[in-house]
Amino acid sequence: MTGTERKRSAVWRKIHAVRVEDIRLWCIKRLPILQWVSVYNCKENLVPDTVSGMMLAIQQVTQGLAFAVLSSVHPVFGLYGSFFPVIIYAVFGMGRHVATGTFALTSLISANAVERLVPSVSTNFTINNNSGVLGLSEFEMQRIGVAAAVSFLGGLIQVAMFLLHLGSATFLLTEPVISAMTTGAATHVVTSQVKYLLGMKMPYISGPLGFFHIYAYIFQNIRSVQLEALLLSLLSIVVLVLVKELNEKFKRNIKVVLPIDLVLIIAASVACYYVDMEYVYGLEVVGHIPEGIPLPRAPPMNVLPEVVVEAFGVALVGYVASLALAQGSAKKFKYTVDDNQELLAHGLSNVIPSFFFCIPSAAAMGRTALLYSTGARTQVACLISCALILVVIYAVGPMLYWMPMCVLASIIVVGLKGMLMQFRDLKKYWNVDKIDWSIWVSTYVFTICFAANVGLLYGVVCTIVIVIFRFPRANTLHVKNVKEVEYKYKAEDNCELLKQVKIISVNNPLVFLNARKFHADLIKIIQKDSTSTQAYEDVNKCEQNTLLCSFSNGSCRGESLLQPCHGERHALILDCSGLNFFDYTGVSVLLQLYVDCKNRHIDVLLAHCKASLIKAMQYGGNLESEHPVFFESVSSAIGAIQINRNYSKYSEQSEV
């Protein structure tokens, strides 16, 4: 038998070895919808999902129209981008509260390719050269062809990253880098909407330092500002901010929040129609929205080599922003998200819709926050929004003709409030780790001066370089003299005490590279001798190295060391003498560990902590405890435990 025949027979053996159960498990793993749809509780979840879906549809329509214009294509393609990607993600995505669809950052990136390959020749969306598709011009179809090609290639890159299991590399994307990049990109989006807010006609400006060139052009042509558009924009922004703040303040007292976006759209469109603002005041409106969905068509493959840079930007920026939202929702609602599966979900959400004239998609913070606030339970809310968007595409679309662009821009700017408010993160980064603060500021500056993908790349490289330079200076090995602790506590009572105490020496810097693995390893040590069945689902995927050495009395081997009981509480002592430096992520993990152990009725005590660590933990979280948490040494921590236990026994005897 030749080598080729042996390989072929081995492949056939593997194929025959596949069982039906293996196929079922694979389908459940790759189609997350099968996990939750079978246990969906209509009685409890359908009503909140329906309400959330209705509210989401309003925001999807407004953002779809605006982000399509931002992407330099006809507004109707934004409606398609709010429909098809949502369905694909609901099937393949794991974020139950993530609202995907059109996205400001990816629209900005794809606009660079559209304006470069199909330069603007007219502001009129339906010129005479009819393409035969929805009554749109050949010019508009060429533009959406470029945007769809960017979406197609960007999705292919994400699928390739999924096949290479690059989702596990997301630990390089630290919170300060993501926060700075998204804040900088949101600033770019606001800048792109200024021309609509002011009612100005201006050419498309992009490239390095394009942000500053836009404002330079505005100040040079300040006299061309349209007063009617400016006043209507200011009024819209004030109304939106005021009503949204009132909705947030009284959301516990009202069952359904006021859909101010919808009210504003209807009011502004009716006023524009009856006053005839388009012709009387020259106010720019959305214009004709064709009805229906055209037959699918493959993106133009001949332009793929020319949009590689934009495709990589869409793939990376869209995935990073979406993953951050998925992980945030998973943490908030206590379920898990597979980073690699999210690559597949967003990749397919870009590849498949590109055949239906869709611009690049991703999850958006504003829409996801809306699902939070309206009480959505599952992706059913997003599917309901798709049904309503379909109604808009086939019936309501033409009625949007009179919507003023300045009002649409106002809705977009107010919707970016959550991203822009991330400026407040600077204070916590300054108090916890000034290097993280520096990374945030410099990443934001790079994003503003160049683009979101450049800022993201700079932030990742800068973070890696700083950690590489900090790690060699850290004392990562520290020999713990456990015998000294054992020697001081030889009495029988103290041996019984040590059975309920676990001492763990942290001999590593605690930064974003190893923070999640540190948490996972520590939980494993706690659970090893515990009979508690509480699940820790969020620590199964961590892959960083941590040096931990644990101590426990050998006579405790058969007992449930950390099992919560009605008697004496158990204790965990962290010897932080080897923790030379840390960052914001490391402090967050320590605080999360403190909360997890507290929920399991385990006292956490920290010994040999540096003053900077104590300050950071006290600033970063509320360490509620009846007893001290920080101690100068392990011996003093054990002594404090003994005193507390003796006092508890004395109190019990006094009550008897």
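Structure: see above.
Below or above, wherever it landed, is the structure these notes cover. Note that this is a predicted model, so its numbers are computed, not measured.

### What about the overall build of the protein chain?
Along its length, the protein chain carries 28 helices and seven strands. Split into buried and exposed, the 656 residues of the protein chain put 51% on the buried side. Taking the intrachain contacts of the protein chain between residues at least 6 apart in sequence as the baseline, contacts between residues at least 24 apart amount to 84%.

### A look at a nonpolar patch on the surface
Residues Leu262, Ile266, Val270, Tyr273, Tyr274, Val275, Val280 and Tyr281 make up a contiguous nonpolar surface patch of about 780 Å² in total accessible area. In terms of residue count, helix H12 (residues 260-275) provides more of the nonpolar patch than any other element does, six residues in total. The residue Tyr281 is located in the loop between helix H13 (277-280) and helix H14 (308-333) in this model.

### What to know about the packing of aromatic side chains
Under the criterion given, the structure shown has 19 aromatic pairs. Look at Phe77 and Phe357: their rings are 6.3 Å apart centre to centre, the planes differ by 35°, and that puts the pair in the tilted class. Separated by 280 residues along the polypeptide, Phe77 in helix H5 (residues 76-81) and Phe357 in the loop between helix H15 (339-351) and strand E2 (361-363) bring together distant segments of the chain. Here the two residues Phe77 and Phe357 agree in accessibility, since each one is buried. Relative to Trp402, the ring of Tyr273 has its centre 5.4 Å away and its plane inclined at 70°; by these criteria the two rings are edge-to-face. One end of the pair, Tyr273, is in helix H12; the other, Trp402, is in the loop between helix H17 (380-396) and helix H18 (405-415), with 129 residues separating them in the sequence. One aromatic cluster is present, built from ring pairs that chain together Tyr273, Tyr274, Tyr401 and Trp402.

### Some remarks on unusual backbone geometry
In this structure, Ser72 is a non-glycine residue whose phi angle is positive, near 65°. Considering the arrangement of structural elements, one finds Ser72 in the loop between helix H4 (42-70) and H5. By relative accessible area, Ser72 is classed as buried at 9%. Positive phi outside glycine occurs at His165, with the angle close to 55°.

### What to know about the nonpolar core
If you look at the biggest cluster of nonpolar residues, it comprises 125 residues, and the most contacted ones within it are Leu65, Phe77, Tyr80, Ile144, Leu400 and Leu456. In this view, Leu65 contacts Pro75, Leu79, Ile289, Leu400, Met403 and Leu408; residues no more than four positions away in its chain are not counted. Counting residues in each nonpolar core, the second largest holds 39 residues, with Leu591, Ile602, Leu623 and Val629 among its members.

### Looking at the environment of Ser636
Note that Ser636 resides in helix H28 (residues 634-655). For Ser636, a relative accessible area of 29% puts it in the partly exposed group. Residues Ser636 and Ala607, spaced 29 residues apart in sequence, show a C-alpha to C-alpha distance of 8.3 Å.

### What to know about the pattern of salt bridges
This model, assessed by the stated rule, comprises seven salt bridges. One salt bridge connects Arg143 with Glu115, and the closest N-O pair in it is separated by 3.0 Å. A residue pair is termed long-range when its members are at least 10 positions apart, and Arg143 in helix H8 (residues 138-163) and Glu115 in helix H7 (residues 104-117) qualify at 28 residues. Accessibility expressed as a relative area gives 15% for Glu115, which makes it buried. Ionic pairing is found between Glu310 and Arg116, a salt bridge with its closest N-O pair at 2.6 Å. Note that Glu310 is positioned in helix H14 and Arg116 in helix H7, a separation of 194 residues in sequence. One continuous salt-bridge network, built from bridges that share partners, spans Glu175, Asp425 and Lys428.

### Here we look at the pairing of strand E5 (residues 570-575)
In terms of residue burial, E5 counts as a mostly covered element, since six of its six residues are buried. The alternating pattern of E5 places His570, Leu572 and Leu574 and Ala571, Ile573 and Asp575 on opposite faces, both of which are buried. Of the strand pairs in this sheet, strand E3 (residues 501-506) and E5 are connected by five bridges, and their pairing is parallel. If you follow Ile504 over to E5, its bridge partner there is Leu574. Pairing analysis gives six bridges linking E5 to strand E6 (residues 602-607), with the strands arranged parallel. Directly across from His570, in E6, lies its bridge partner Ile602. For the crossover that starts at E5, traverses helix H26 (residues 584-599) and ends in the parallel E6, the hand is right-handed.

### A short note on the pairing of E3
In terms of residue burial, E3 counts as a mostly covered element, since six of its six residues are buried. Along E3, one buried face is formed by Val501, Ile503 and Ser505 and the opposite face, lined by Lys502, Ile504 and Val506, is buried too.

### Focus on the packing of helix H21 (residues 434-449) against helix H22 (residues 452-470)
Relative orientation of the contacting elements H21 and H22 amounts to 155°, with a least axis distance of 8 Å. Overall, the two elements H21 and H22 adopt an arrangement that is roughly antiparallel. Here H21 runs over H22; the crossing is right-handed. Contacts between H21 and H22 involve Ile435, Ile439, Ser442, Thr443, Phe446 and Thr447 from the former and Ala452, Val454, Gly455, Tyr458, Gly459, Cys462, Thr463, Ile466 and Arg470 from the latter. Split by residue class, the contact of H21 with H22 holds eight nonpolar, six polar and one charged.

### A word on the environment of Met54
Assignment of secondary structure puts Met54 in helix H4. Sequence separation of Met54 and Pro259 is 205 residues, and the distance between their C-alpha atoms is 9.5 Å.

### Focus on the side chain of Gln63
As for its position among the elements, Gln63 is in helix H4. When near neighbours in sequence (up to four residues on either side) are disregarded, Gln63 contacts Ala68, Thr102, Ala364, Arg367 and Ile412.

### Some words on the state of the cysteines
In total, this model carries zero disulfides according to the counting rule given. Sulfur of Cys406: no disulfide; nearest cysteine sulfur belongs to Cys272 and is 8.3 Å away. Residue classification places Cys406 among the buried residues on the basis of a relative accessible area of 2%.

### Concerning the packing of H4 against H18
Relative to each other, H4 and H18 sit at 105°, their axes nearing to 10 Å. The angle between the axes of H4 and H18 places the two elements in the roughly perpendicular class. Where H4 abuts H18, its residues Thr62, Gln63, Leu65, Ala66, Phe67 and Val69 lie against Met405, Leu408, Ile411 and Ile412. Of the residues belonging to the contact of H4 with H18, the class tally is eight nonpolar, two polar and no charged.

Cut-offs applied
Residues numbered from 1 in each chain as written. Predicted model: local features only at pLDDT ≥ 70, side-chain atom pairs only at ≥ 80, totals over all residues. Heavy atoms only, no water. Helix = DSSP H or I, 4+ residues; strand = E, 2+ residues; numbered from the N terminus. Buried < 20%, exposed > 50% of the residue type's maximum accessible area, 1.4 Å probe, protein only. Contact = heavy atoms within 4.5 Å. Patch = residues over 30% accessible without salt bridge, like charges linked within 9 Å, V, L, I, M, F, W, Y side chains within 5 Å. Areas by Shrake-Rupley, 256 points an atom, 1.4 Å probe, with all protein chains shown as cover. Salt bridge = Lys/Arg side-chain N within 4 Å of Asp/Glu carboxyl O. Phe/Tyr/Trp six-rings, centres within 6.5 Å; stacked < 30°, edge-to-face > 60°. Core = buried A, V, L, I, M, F, W, Y, C linked by side-chain atoms within 4.5 Å. Pairing = 2+ DSSP bridges. Right-handed = clockwise from strand over helix to strand, strands pointing away. Axes fitted to C-alpha atoms, helices over the stretch in contact; angles between N-to-C directions. Parallel < 35°, antiparallel > 145°, perpendicular 65-115°, else oblique. Left-handed = near helix turned anticlockwise from the far one by under 90°. Nonpolar A, V, L, I, M, F, W, Y, C, P; charged D, E, K, R; others polar. Disulfide = S-S within 2.5 Å.

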